[in-house]
Amino acid sequence: MKTSNPVLSRLGQAAERERSAGYGPYGPAGQPTGYGQPGYGEPYPTATGYPASPPAVRPMTIDDVVVKTVTLLGLTGISAVVAWNVIPASATGAAWIGAALVGLVLGLVISFMRVANPALVIAYAVIEGVFVGMVSKYFQNILGYDGIVLQAVVATFGVFFLMAVLYRARVIRATPKFTRAIISIMAGLFAMMLINFVLSLFGVNTGLRDNGAIGIIFSIVCIVVASLSFILNFNEIEEGVRMGLPQRYSWTAAFGILVGLVWLYIEILRLLSFLQGGDD
């Protein structure tokens, strides 16, 4: 299975490994492995001398991904509420930056691991909750945009469900050309954000994240790309289910959706602040 999303890039490789691991009489591409080849199709011997089949691996389902996604969103929401109420306003900036850095490291580790790790994914959701909580508190309480958080939450989930409907109806398809385009644009956007951040440390203001024509256009582009990235997620999950990916990889799939939702929420929050006349 060919991958189509950098966050879920290991899913396809994992599916191929599981299919060719020898848990049955067929190996890669459905070719018989032969019971004379230890470690492939040959039944495992037991102490009694009778062959025993290896334990079956339950395949991932759409329901598994839905349950894990809801779980991660719940943890993120609870963590955000706790951080909002516990961390004082004077420490908002430090907590914001600290959670962003820790979340970035955890996200990279999860993205490039070969085996799904539920503990790391759960830890990521909690850390992202702190990040989201601090950003939300900054915009609503410190900058004074009343109701902006609720507006951003409603808009985020509205866009997510719209993309799910469009994907289900096959209005938007994850074709190879579409996939390459979205991944390339995402890489370009993140590179621009990184360069802008580094320049800001030296006092250079590019206007990329300010309330102006450039900032508004950039935020809109980010929102569109973040929305379209869900199409890649849905396609990757659908292919993983079709190929019989093990159930534990539903955590990785849910992680990919959470990453997209957090990115989309932050960009919508920023755009709403621009439209209300803010400079951040």
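See the structure printed just above.
Calculation criteria
- Within every chain, residues take consecutive numbers counted from 1 along the sequence as written.
- Only residues with pLDDT of at least 70 are given local features in this predicted model, and only at 80 or more are side-chain atom pairs given and counted; all residues enter the totals for whole chains, interfaces and linings.
- Hydrogens are left out, water is left out, and the side-chain values use all remaining heavy atoms of the structure.
- By definition, any uninterrupted DSSP run of H or I lasting at least four residues is a helix, any uninterrupted run of E lasting at least two residues is a strand, and each is numbered from the N terminus.
- Note on classification: 1.4 Å probe, protein chains only; a residue is buried when its accessible area is under 20% of the maximum for its type, exposed when over 50%, partly exposed between these limits.
- Contacts between residues were defined by any pair of non-hydrogen atoms, one from each residue, lying within 4.5 Å.
- Under the convention used here, a 1.4 Å probe and the Shrake-Rupley method define accessible areas, while residue burial counts only the protein chains that appear.
- Here a cavity denotes grid points, spaced 1 Å and computed from the protein atoms alone, that fit a 1.4 Å probe unable to get out, and a pocket denotes an open set having protein on both sides within 12 Å along at least 5 of 7 lines; residues with an atom within 4 Å of a point are the lining.
- Grid points are joined across faces, edges and corners, and a volume is the space filled by probe spheres set on the points.
- Residues are sorted three ways: Asp, Glu, Lys and Arg are charged, Ala, Val, Leu, Ile, Met, Phe, Trp, Tyr, Cys and Pro are nonpolar, and all the rest, Gly among them, are polar.
- The rule is short: rings of Phe, Tyr and Trp, with Trp giving its six-membered ring, pair when the centres are within 6.5 Å, and they are stacked under 30 degrees, edge-to-face over 60, tilted in between.

Turning to the overall build of the protein chain, a few remarks are in order. Within the protein chain, the secondary structure is distributed over eight helices and zero strands. For the protein chain, the succession of helices and strands along the chain, N to C, is α-α-α-α-α-α-α-α. The buried share among the 280 residues of the protein chain stands at 42%. Within the protein chain, contacts between residues separated by at least 24 positions form 76% of all contacts whose residues are at least 6 apart in sequence. When the accessible surface of the protein chain is totalled, it reaches about 14,300 Å², and 69% of it is carbon and sulfur.

Taking a probe equal in size to a water molecule and rolling it over the atoms shows the remaining empty space. Approximately 470 Å³ is the volume found for the second largest pocket. Surrounding the second largest pocket, 17 residues form its lining, Ile 62, Val 66, Phe 160, Ala 164 and Phe 234 being those nearest its centre. Within the residue set of the lining of the second largest pocket, elements represented by two or more residues are α2 (62-86), α5 (148-168), α7 (213-242) and α8 (250-275). Residues belonging to the lining of the second largest pocket are distributed by class as follows: 14 nonpolar, one polar and two charged.

Another aspect to go through is the packing of aromatic side chains. All chains considered together, the criterion is met by nine aromatic pairs. Each ring, one from Tyr 138 and one from Phe 139, has its centre 5.6 Å from the other, and the planes form 85°; the classification is edge-to-face. Relative to Trp 263, the ring of Phe 190 has its centre 5.0 Å away and its plane inclined at 40°; by these criteria the two rings are tilted. Note that Phe 190 is positioned in helix α6 (residues 176-201) and Trp 263 in helix α8, a separation of 73 residues in sequence. The structure contains a cluster of three or more aromatic residues connected by ring pairs, namely Phe 160, Phe 161, Tyr 167, Phe 230 and Phe 234.

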